[in-house]
Amino acid sequence: MGVQGFQEYIEKHCPSAVMPVELQKLARGSLVGGGRQRAPHSPLRLLLDAENCLHRLYGGFYTDWVSGGQWNHMLGYLAALAKACFNGNIELLVCFNGALEKGRLHEWVKRQVNERQTAQQIVSHVQSKGTPPPKVWFLPPVCMAHCIRLALLRFRVGVVQSLEDHHQEVLSLCRENGFHGLMAYDSDYALCNVPCYFSAHALKLSRNGKSLTTSQYLMHEVAKQLDLNPNRFIIFASLLGNHILPDEDLAAFHWSLLGPDHPLASLKVRAHQLVLPPCDVVIRAVADYVRNLQDVDDLEAIAKDIFKHSQSRTDDKFVRFKKAVDYYASASEACSSPYVVRPKRLGVPAAVSHYTPSQMLSIPQPSFTLQPGVQQNSSGPGPVPAEPGPPPATKGPSDQNSFSNIPHEGKSHTPLYERASPIHPPHAEVAFFNASSNSSSSENEETTGPTANHISDHKEWDKQGNRSSVPDDLVERTKSDPSVTSSGGQGLEVGGHHGVNARIPSLLSMPTRNHMDITTPPLPAVAAEVLRVAEHRHRRGLMYPYVYHVLTKGEIKLSVTIEDEANHELPSAVQLFRPVRQYVYGVLFSLAEAKKKAERLAMRRNRLPEYEPVVIKEWAAYKGKSPHTPELVEALAFREWTCPNLKKLWLGKAVEDKNRRMRAFLACMRSDTPAMLNPANVPTPLMVLCCVLRFMLQWPGVRILRRSELDAFLAQAVSPKLYDPDQLQELKIDNLDPRGLQLAALFMSGVDMAVFANDVCGQPLPWEHCCPWMYFDGKLLHSKLIHATRDKAQLIDLCDGQAEQVAKVEKMRESILEGLNLSRLPHPLPFPPPPPHAMPFYPPNSTFYPPPPLPPPPGRGRAMPGLQVIPPQGGKLEIAGTVVGHWAGSRRGRGRGSSPIQVVSVGGPTRGRPRGVISTPVLRSFGRGSSYHTRGFKSPGLYQATIFSD
């Protein structure tokens, strides 16, 4: 609804404004659409917004996306696309959305609610019919955006990421760098005076890879059909409803434009429902209103007129209307770009492509020359440095030579950020890194600053004074009010009850910002050099975007995955891989060194150590959890060793630093065992696969992976079919398995977190080895799962009768199971988790889901009738609802009984972790990290046959 419906309105009601074009023909001519001149023989320079084009870059809807993704198929499509652009004299720069964008949080909440319902429809469809879901239910496979970004970097396509406001930065990038056109699918671009606007949804590459077509939107034709001067598009966009002033706030104004005699007027009086007029009707009515305005510069008079029917929060709507006008005015101008990036010429190495099954792509790498029309920014970083080109690849099943640009095991590799950009930025870029973005988004005005929604003067957290996580010269700090953070949408309940289909209590006067933000303690200080490096890598698409979000904002957004909410056998991906993120947060904020410092200080003062918690907000939607409130997750430090600080991990050059990076990564994935570092058992390209599977096996609840399913994952990773998209395209699956879909989604969520952890730990694994096309294909996995579970096939049959593949699978399985005791208790842990508890330091209608309680070990601590057994993970003492003591519980002894209970803290709200924060109990059930191989069975082979006896 609102402004986002304007894009569809153009296609449905303005057919003369949509013109099909072939990009190669535009590149061969001297004119771009709309009569824009271009220098002779110069390349056609296009900026592509990946946010609107992910499904097209993935390869379309026809690939098997529901089974977890067909990544080698995607790789072949992107190789063909890059080759077509190079041969067609087209330079492409792809901009990914790397901004947190708290100002658009209510739009994200709406999307998550809709995608959560879509996921349930997909699961229900597969359960009832066993066929792939319709393409209109397309949900991006987990980690798709990051896989596309890495694949584009592989094929030398220019890649950047936005930092604060995605739309503003894309528009500034397009104007400041002399691009001839923008390819996207977003109404904000259509209404912001884009020089030449192409459709990202209509982008198509022919089968032979020679024709690249799309549609161009002629905005002067749209203005003619609306009979509206394009100079008034700013007011027009502000009155349609947008992320600053939602259409719910404008509902009374829109109904007043239609009048009481309109055929739809009867819909307005539905009791207890917020009903909005149809989008096309609103667009025409608002266009008529804006056309008849006498003075578009008198915003005060316009605001009084449009909100004269408002029943509540009129002053707030006045302010938001002016902000919306300022936002679209600045977006329509050639404002100063926060950074200047010039794409380099495309050079595509060899890759597997289903368009040319018997031919390898080999494209020379010409040198890039600056265009004369490109403006030069003295504070900008200049052109993106070119990476060295990998050698041509050969297609094959081998782990070592499937892609020849992958270094062999044991050899040192150059991390992606070192190949594509310097670790230490040059002196000319210091001003660029220290400068703050001048974006005029609502996020910057309301929640700007590295610790937005981290109120430093809260009485529980002001013991150490106000501390900023970034220096003042990096980002200007402003205060944020969590009660005015915007949200909205139909069908959202108010007052702390977050039902998806709940009724709205009043008509046209309900508050639209009904998601509840939470106040959290201030983030620890981060070294300025670390922040410069993080921003440098983030802007160039060389780092997972969560890294910068956590360092500067202290929060992340996790998207919906395909899961059956009625199935209690499998956990949610958010819960399953939360321990990975907790350890990653601890690495990011150097928690281990901070704890050691606190312990030394406590020893000198002869008192108990006081740890300041590092709390991160995670916005997510899964079974039992609404996206309207974040969960507070505490960062954790490794207990087995002291991880070095982030500066050493990222910038250290010694061999010891490289070893520490690898150990930190393995510790985050709970895979710090000797076998994981043995390339004879676990080849480096398959390390992410083995780490994720090992982590999934350690879930303390119901067993996630059975023996046959583990073998299916490993068998598909060593199959030659993995590297043959044409053969996989012909593979037929008779009846889809709902459990297989959910296992694939869980696995890809683990890959997503592994990529996150690898970037945080300084990329100990080469970025090419993190890409799923090296070890995973959803369709191939599904065929192996069906063969293993329904047909009860043996391992030799899963490996297509190849003894060499069987040997590889057995070695990897032995390494994955090393030191694990996978025996389950007779009574599984309850799922979903129990109801929320009180949280005294943030609003009471927030949501918190603690981890499930852990039962006592079998055979120990038998409880007397009427007495409660003390849980091994410890507990707390409450008197009159106030926590007065904590104890750490007892550890299981080794032949001499257990250790006595250790008191962690007594009294004082700042000692121990705060209530309501997801912390350590579930982590203790995952074992002790590097001690796995010393506490388990001496020989993994003795119990492998009995663990998986399904």
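Residues numbered from 1 in each chain as written. Predicted model: local features only at pLDDT ≥ 70, side-chain atom pairs only at ≥ 80, totals over all residues. Heavy atoms only, no water.

Trainee: Can you break down unusual backbone geometry residue by residue, with the values?
Mentor: A positive phi angle is found at Asn606, which is not glycine, with a value near 55°. Along the chain, Asn606 turns up in the loop between α22 (591-605) and β12 (615-619). In the Ramachandran plot, Arg670 falls in the positive-phi region, its phi being about 55° despite a non-glycine side chain. Relative to the assigned elements, Arg670 resides in the loop between α24 (655-668) and α25 (687-697). (Helix = DSSP H or I, 4+ residues; strand = E, 2+ residues; numbered from the N terminus.)

Trainee: Can you explain the state of the cysteines? Please cite residues and give values.
Mentor: Evaluation of the coordinates by the stated rule reveals 0 disulfides. Among the cysteines around Cys643, which has no disulfide bond, Cys761 carries the closest sulfur, lying 6.5 Å off. In this structure Cys668 is not part of a disulfide, and its nearest cysteine sulfur, from Cys761, lies 4.3 Å away. (Disulfide = S-S within 2.5 Å.)

Trainee: For the environment of Phe713, give the residues involved together with the corresponding values.
Mentor: Within the secondary structure, Phe713 is located in helix α26 (residues 707-717). C-alpha of Phe713 to C-alpha of Leu780: the two residues are 67 residues apart in sequence and 9.4 Å apart in space. Filtering out sequence-adjacent residues up to four positions away, Phe713 remains in contact with Leu689, Leu693, Leu705, Leu743, Phe747, Phe776 and Leu781. (Contact = heavy atoms within 4.5 Å.)

Trainee: How would you sum up the packing of aromatic side chains? Please name residues and give values.
Mentor: We describe a pair of aromatic rings using the distance from one ring centre to the other and the angle between the two ring planes. For the structure shown, the criterion picks out 18 aromatic pairs. Taking the centre distance of 5.5 Å and the plane angle of 85° together, the rings of Tyr546 and Phe756 count as edge-to-face. Highlighted residues: Tyr546 in helix α19 (residues 545-552) and Phe756 in helix α28 (residues 738-760), separated in sequence by 210 residues. Judged by its relative accessible area of 11%, Tyr546 falls in the buried class. On the basis of an interplanar angle of 5° and a centroid distance of 5.8 Å, the ring pair of Phe638 and Trp641 is categorised as stacked. Considered together, Phe638 and Trp641 belong to a single accessibility category, that of buried residues. The rings of Phe6, Tyr9, Phe233 and Phe236 are connected pair by pair, giving a single aromatic cluster. The ring of Trp650 has Arg537 sitting right over it, with the charged end atom 5.2 Å from the ring centre. (Phe/Tyr/Trp six-rings, centres within 6.5 Å; stacked < 30°, edge-to-face > 60°. Buried < 20%, exposed > 50% of the residue type's maximum accessible area, 1.4 Å probe, protein only. Lys NZ or Arg CZ within 6 Å of the ring centre and 35° of its normal.)

Trainee: Could you give an account of the sheet that holds strand β13 (residues 631-634), naming the residues involved and the relevant values?
Mentor: A sheet is described by the order of its strands in space; here 3 strands give the open sequence β11-β12-β13, paired in mixed fashion. Looking at strand neighbours, the two that pair on one side only are β11 (555-557) and β13, the edges of this open sheet. For this sheet, the mean inter-axis angle between neighbouring strands, taken without regard to orientation, is 30°. Bridging between β11 and β12 involves 3 bridges; their strand directions are parallel. Opposite Ile556, over in β12, you have Glu618 as the bridge partner. Here helix α21 (residues 578-588) sits on the sheet in contact with β11, β12 and β13, set at roughly 60° to β13. (Pairing = 2+ DSSP bridges. Axes fitted to C-alpha atoms, helices over the stretch in contact; angles between N-to-C directions.)

Trainee: Please provide a residue-by-residue account of the packing of α19 against α28, values included.
Mentor: Close contact between α19 and α28 brings their axes to 9 Å; oriented N to C, the two are set at 65°. Here α19 and α28 pass one another in a crossing that is right-handed. Listed contacts from α28 to Tyr546, Val547 and Val550 of α19 are Met753, Phe756, Asp759 and Val760. Of the residues that constitute the contact of α19 with α28, the class distribution is 6 nonpolar, no polar and 1 charged. (Left-handed = near helix turned anticlockwise from the far one by under 90°. Nonpolar A, V, L, I, M, F, W, Y, C, P; charged D, E, K, R; others polar.)

Trainee: Please provide a residue-by-residue account of the packing of helix α10 (residues 233-240) against helix α14 (residues 314-332), values included.
Mentor: Helix-helix packing is described using two parameters, namely the angle between the two axes and the distance between the axes. Where α10 contacts α14, the two axes come as close as 9 Å, and the packing angle between them is 135°. Taken together, the axis directions place α10 and α14 in an arrangement best described as oblique. When the axes of α10 and α14 are compared, the crossing they make is right-handed. Side by side, α10 and α14 meet where Ile234, Ile235, Ala237, Ser238 and Leu239 of the first sit next to Phe321, Ala324, Val325, Tyr328, Ala329 and Ser332 of the second. Residue composition of the contact of α10 with α14, by class: 9 nonpolar, 2 polar and no charged. (Parallel < 35°, antiparallel > 145°, perpendicular 65-115°, else oblique.)

Trainee: I'd like a description of the nonpolar core, backed by residues and values.
Mentor: Leu551, Trp650 and Phe747 are the most contacted members of the largest nonpolar core, which has 171 residues in total. Examining the composition of this core, we find that 13 residues originate from one element, α28, more than from any other. With 60 residues, the next largest nonpolar core counts Ala184, Leu239, Ile283 and Leu299 among its residues. (Core = buried A, V, L, I, M, F, W, Y, C linked by side-chain atoms within 4.5 Å.)

Trainee: Go over the pattern of salt bridges, please, and point to the residues and values.
Mentor: For the coordinates displayed, the defined rule picks out 34 salt bridges. Note that Lys224 and Glu221 form a salt bridge whose closest N and O atoms lie 3.8 Å from each other. With Lys224 and Glu221 both in helix α9 (residues 219-226) and 3 residues apart, this pair spans about one turn of that helix. Note that Lys322 and Glu300 form a salt bridge whose closest N and O atoms lie 2.8 Å from each other. (Salt bridge = Lys/Arg side-chain N within 4 Å of Asp/Glu carboxyl O.)

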